[in-house]
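Topology and contacts: notes
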Amino acid sequence: MIRMYKLIVTATLLLTAIQGENWPTVKLVYPPGGILLAGEDTSINITMEVNGEPFPRIKLWYKDGVELRSSDKINIDESQGKLQSLKINSVKREDEGNYYLIVGDETTDERAKSPSVKIRVTFLENQFKEVNQVVTANVGSFAVLKCHPPNHFGASPNYWWSKSGARIADTRNVYVSEYGDLVLLQVGYADRASDYRCTIEIQSLKEGFRSKQGPPVSLQIVGSAGAYQAPVIALKPRDLEIDAQIRRTFRMECVANGYPNLPTVTWYHNNKRITASSNVYDTQDPHSLKVTIFRTGNQVSGTYRCEARDASQASVTAYADLTVITKPIITTGLPDTEIKKASGASLVLSCAATGTPPPQFMWLKNAEDLTATTNLIIQGQTLEIPRLGLLDRGVYQCKAFNKQGGSMSTGKVTVQERLAFAIKPSDQEVYLGESARFYCLGKGDPGPTSLRWQFNGGNPPSSHVVDSDLQNQATYIIPKASTTDNNGKVTCIIESEENIQSQDQATATLTIRQGPQVKPQQDSYTYKESENAELVCLVHNHVSPTWKWLFNGLLISEPDNKRIAIKNGFITIRRLTGADQGNYTCQADEGGYSNSALITLTVLTSPVITLDDQIRTGQSDTLTISCNAKGNPQPIISWRRNGGAVVNNNRYSIDNSVTGLSALTINNADKDTDVGDWMCVASSSMGQQTKTINVIVVGICEVMKIPKNQTLEYGQVLTVFCSVNRCPNARRTWLKDGRNVMTDGRKTILYDDRIEVTNVEPTDGGVYNCSVDSNDSRNIKQSFEATVKVEVPAKITYFPDGRNVLFKDGESVVLECTARGEYDSTSVVTVTWYKQNVMIKSIHSEQRNQVQKIMTVTQRLVISSATASDTGYYQCTAVNKYKSQDKRDVVLQMITFPGAPNRPYSTWIGAGVMELAWEEPKDTGNTPLTSYELEIEDSGNNVFRPFLQGLPPDKQSATIYFLSTNQEYRFKVIAVNQVGKGEKSDAGEKERTFSDLDGLTANLVQEVKATALNSDTVNIKWEEPKSRTPSLQGYRVVYRNEGTLGVPQFTKNVDTSVREFNVSGLAAGSTYSFQIESNTGFSTVLTVSTTFNAETLNQRPDPPINCLADRQESSRMGVTWDPPLQTHGSILKYTVYYKDVDSTDGQWNTIEQKDRLQPSILLSAIDSSIDYEVEVTASNSAGEGPRTQCTSTGKVVNLPVHQQWWFYLLLVIFLLLLIAIIVTIVICCCRRGCCFCFASSGPRKQPLRSGGVVLARESRWSRFKGMFSKKPKHQPLRTQGDFVAPPVVHSPSMNRPNYYGGGMPASQMSPNNTMNYGKPSADFGDFYGKPAYSDDGYGYNPKKFNSYDSRNPYDPNQGMYGGKPPYNNTFDSRTSNRDNGYPGTYDRNPPSYGGGSNYGGGGGGGFKSSML
């Protein structure tokens, strides 16, 4: 509808713009006849004469449809007014083409196109078309030597031949044809030669004659002349088409040969002998007849016959047709008078013309070609518009044309807009006693000339007021509706004497509403604060409705505010405050009807000032004090000090630019003059209020911003300030309840000038103290404290999302409300549900949680099997000891089936397709629509069947495919929501699709065939259209599954050269409808083929082939296969079945391969001891095909050695033998005394050397080690002094930084020492020691104990060496079974040394550092 309206408006504006104007015209001036010959590199001019009123402003030149622009080559001259010229410089062959001029005006859409001028360029190329030509002839016969001239074009090319360089003259026996061929008659041996040459001459407009000589032609003569040869035609005449505008004289050639005498040639025209030369015929040349064209040339058209006869009366005949091309002449043109039609009607225009050859026809509108316009039917000389629209207005031209030119007939078509209603009277529903108004405005072109009203089919009653204004909307008024007016029909009738549709009417129904009629006693009230207000609404036609009051759109509940009292249509508000100001709505409900009225309440309030009690600033700083004042009316703010007014000067400035705010700025604050009270004064008609603020000017290192007492709510941010004036060294100390404040960087953050606590809880309340020390010579110390209280008022934390909760009839509804708040022994958090302001006492579920001082309460309101009576306004409130109330409300609505849409109507109709539109139903069932469905009646028996489902809900239109041609249809629309299908719409008007014979055959494909290839593919073939327009861009297939009645699907667009397409992805065994749609680029008008059906096959695929299942590893099996030989459609998946060969339950395991291009799969986590049976199937859209059994059972073949069971048995035996050997060697060595045994003698006391270092003696371990290790030659055999024990832990004489990793003082070490004390390249480490010691301290060489000390790979504390337990008990001799020390049996140092058991051991396992 919107699109049609836009078209109507556009057409109306177009018609208005062109009325009273002369159409623009263009006439050809030069060249006459429209054809221009030009030589290469010459310049040419084309001139047109342009007329029109107003004179056209747009003048565009085109060549073959491409617009031309001025350049060095193209000159467009508009300086001569009506004469428009186009000059082309240095013409080339690529400049050939059709040139024309289009003129128009930007204020209208009218255009005019000039006749076309055809430009041809004369040229002569260099290369002849054939070389090495050899001709053989018998003596006495004839020979024809072909010239094969190069490509050329020009006026009357001349040909001549030479032999051996000498030009051959024309004789009775020698003839050069019009096309350059040389004909030799009665040839003899004297005519033999190998250098016959053809020369062509052509005239150029710039260079004069140009000529080219061809390659040599060889003529060979054979045999001898006989006694007699009958006449024969050596050169036959050709059929000619003569364009009189280019050439006036033509030759009909007929060359005959005979022997011994040449025959005589006689000419006939239409079987009448041409006896002598005349102004038409020239018979002087015995070999040709020259024909001259005069005027139309009809007198020379026809069949020509040449007859060659010799003396013996033997003859031979040849024929040729000569056609003179004549320009078409219109014999029956378009009407001279204006053609008037109504919109929606059909129009047929036709014209007739004569010409040779028979002319073709082209239809234009306003000089634009209509061939590509698809809403028209063009059949040669007939143009049909099935349904006229306003855009079809204009000047139509019928052009008849052929090779000679064209003629045109012009006619003007005016389309009148039918009478219609711009504004229709709409149905009205009013309360009894109220007034009703109906509006009406007609439209059309021409528009209505009269308008009248009727009531119930007759004249309006005298109590009704009628206005019949044609220019503005007419009005029908019922001042006071009565019961007699109920269901009355008000009809507006428009009429026109000039419009084709003389009358139209529209009717509306008046319904008298029986509900309450509510009106406020006053529309607005004004009270002063603290007064009591009473707002009154009255019902004029009922006495007992149900009342509710709303404030600013929210329902008012009496328990919400004890100052409010509601009684029916009265609401009383006691002790008014400014918060009571706003809009109040009184709503009365009765019998399912509701009405409301709006009342505005204004509350006048005294000024209220918001101002801090105290403010601090630094000496010489700039201070700004803000004073906020509110009231109704808005108060005026001023400042006072010491009884006088503060005025603007160089130190004080007042800014009142913001309403309700006054900013006082004190520049260069001074302790002597600015300290004290400053007063803010707010004044209005409601009184005056004052408030003072104490200004403190602090010195250097004094607290400028002190902590303040605060009361916060749970979850807010607490900020306690304690800023110091210009004191960089100041130190602050923060206490809370006498304890230092602990900061964590997240919840509690300490800044230079404040402390900040996020998401405060009740535990964050208390007394905060800030102590400041200047920390300099001033020695200024100050301390301030503030009390912080954190309250947790009741707050709803969870509530149903959205304003409305929807439910279906009979469903269970759960409304959940969760609140949290602070509680104590006397008060808890209470959550309550209300419906329509009435408390719901029966709560189905309640849950309470208590964490610290916060209680969380969840109330679930459960409504089982909800019905329409459960709809309404629900409210959840939460309250605790702070008496602050939080509330949330929700509306519970039952969703129902949607109502019926308006009846559908067609917006466009074609052959086999149409477009429908409708309007969304007024009632969607309280929930959004999910789709639309269509039902169709195609049999005329008022029986509707489902036709189309799943249409999108956001679009109220659809293109209906798969219809038959020339058949009537009606449709109904059904809206669908989540509840289900709604009511069906009324049936639309009957609409008949066009027939294939209606002329809609342009671009329509032919002979469509559909063949099912397999279960999911159908092959579509077609033939190209009988006729096509330039707008045709390609084709696409439209299809749908008739079993699902879903929306049509479309294939991709294919090129116009394509003649078949495979539609795949279809369901098996299903019937599909198909149409071929021609893509012309027009989305509003479609060209589709007739509907045809095909059923996909229902064949499942064959089994896969070449299946192999071999185990790749003991727990993995690879399965491979090849696709089936016959898939009968696209393979969707493969399924692999496998089971134990020896299984008795027959249970198969399955795994799917959904990648149809990957015919293999890997089975993992299978039992390595089981042989498996494997089978594979393939599936297409028809289902799963038969199984194929794989050739291998999946048995393990040639598993690696490490996957054999006997491998692990041998490995266990080997390990047991190895352990036995090691044990035997150890026992043997211990008995012989060659190795260390755990049962050897205990530690011996060692004498101390200087520095408190104990040197260990050579042990059995040393001797044992020497048996198996080879020392480097440069190292002497180690002695008892080679090993240095750890230093005594508690010896006061130890200087720890001077000790190396082995424990020797640094003074005793040198790089050249032959004894190895842990220096580089030594056996026990590359580092001399570690300077860091633990409290128990001893040096540790990280490499010395790399192999033997458990602290390297196992000890988690290897970064803290020093002999401190705990260590790993398994690997370290320093077990914890003695007081943090180590067993005496594992350490050679007795407990008496260095503090007993706390001796630095460091050894691991059986090797101890104290023994080294």
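Residues numbered from 1 in each chain as written. Predicted model: local features only at pLDDT ≥ 70, side-chain atom pairs only at ≥ 80, totals over all residues. Heavy atoms only, no water.

Attention shifts here to the overall build of the chain. Along its length, the chain carries 3 helices and 108 strands. Within the chain, the proportion of its 1412 residues that are buried is 43%. If you take every contact in the chain between residues at least 6 apart in sequence, the share linking residues at least 24 apart comes to 63%. Accessible area for the chain stands at about 72600 Å²; split by element, carbon and sulfur atoms hold 48% of it. (Helix = DSSP H or I, 4+ residues; strand = E, 2+ residues; numbered from the N terminus. Buried < 20%, exposed > 50% of the residue type's maximum accessible area, 1.4 Å probe, protein only. Contact = heavy atoms within 4.5 Å. Areas by Shrake-Rupley, 256 points an atom, 1.4 Å probe, with all protein chains shown as cover.)

Tallying each qualifying case throughout the model produces 10 disulfides. Bridging Cys701 to Cys727, the disulfide has an S-S length of 2.1 Å. The disulfide joining Cys701 to Cys727 has a torsion of about 85° about its S-S bond and is therefore right-handed. In this pair, Cys701 is assigned in the loop between strand E63 (687–698) and strand E64 (703–705) and Cys727 in the loop between strand E67 (723–724) and strand E68 (731–736), connecting sequence segments 26 residues apart. Residue Cys727 is classed as buried on the basis of its relative accessible area, which comes to 12%. Residue Cys722 pairs covalently with Cys770 via a disulfide, S to S 2.0 Å. Where Cys722 bonds to Cys770 through sulfur, the torsion about that S-S bond is close to -75°, and the disulfide is left-handed. Linking Cys722 in the loop between strand E66 (718–721) and E67 with Cys770 in strand E72 (residues 766–773), this pair joins segments that are 48 residues apart in sequence. Each member of the pair, Cys722 together with Cys770, is buried. (Disulfide = S-S within 2.5 Å.)

Pairing is mixed across the open sheet formed by 4 strands, whose spatial order is E40-E46-E45-E42. Each end of this open sheet is capped by a strand with a single partner; those strands are strand E40 (428–431) and strand E42 (450–455). Between one strand axis and the next, the sheet turns through 20° on average, direction left out of account. (Pairing = 2+ DSSP bridges. Axes fitted to C-alpha atoms, helices over the stretch in contact; angles between N-to-C directions.)

Quick look at the side chain of Lys59 now. Along the chain, the position of Lys59 falls in strand E4 (residues 58–63). Despite its burial, Lys59 pairs with no opposite charge; the closest candidate is Glu78, at 4.2 Å N-O. A polar atom in the side chain of Lys59 sits 3.1 Å from the backbone oxygen of Pro56. Not counting residues within four places of it along the chain, the set of residues in contact with Lys59 comprises Glu78, Gln84, Leu101, Ile102 and Val103. (Lys, Arg positive; Asp, Glu negative; His and termini not counted. Salt bridge = Lys/Arg side-chain N within 4 Å of Asp/Glu carboxyl O. Polar contact = N/O pair within 3.5 Å; in protein donor to acceptor, adjacent residues only side chain to side chain.)

Let us look at the pairing of strand E93 (residues 1034–1041). Counting buried positions along E93 yields 7 of 8 residues, so the element is predominantly enclosed. Note: E93 against strand E96 (residues 1071–1079), 8 bridges, orientation antiparallel. By the bridge assignment for E96, Arg1040 is matched with Ser1073.

In the segment running from Tyr30 into Pro31, the intervening peptide bond is cis, with an omega of 5°. In this fold, Pro31 is placed in the loop between strand E1 (22–30) and strand E2 (35–39). The amide bond that connects Tyr259 to the next residue, Pro260, takes the cis arrangement and shows omega of 10°. In this structure, Cys701 is a non-glycine residue whose phi angle is positive, near 65°. Phi is positive for Leu1045, close to 55°, though the residue is something other than glycine. Here Leu1045 lies in the loop between E93 and strand E94 (1049–1050). Among the residues examined, Leu1045 registers a relative accessible area of 14% and is labelled buried.

Quick look at the sheet that holds strand E75 (residues 804–807) now. One open sheet holds the 5 strands; their spatial order is E75-E82-E81-E77-E78, and the pairing between them is mixed. Each of the sheet's edge strands pairs with one partner strand only, and the pair in question is E75 and strand E78 (838–839). Bridge count for E75 against strand E82 (residues 885–894) is 4 bridges, and the pairing is parallel. Opposite Leu806, over in E82, you have Gln893 as the bridge partner.

Evaluation of the coordinates by the stated rule reveals 33 salt bridges. With a shortest N-O distance of 2.7 Å, Arg945 and Asp938 are connected by a salt bridge. Relative accessible area serves as the criterion here: at 37%, Arg945 is assigned to the partly exposed category. Its relative accessible area of 25% is what places Asp938 among the partly exposed residues.

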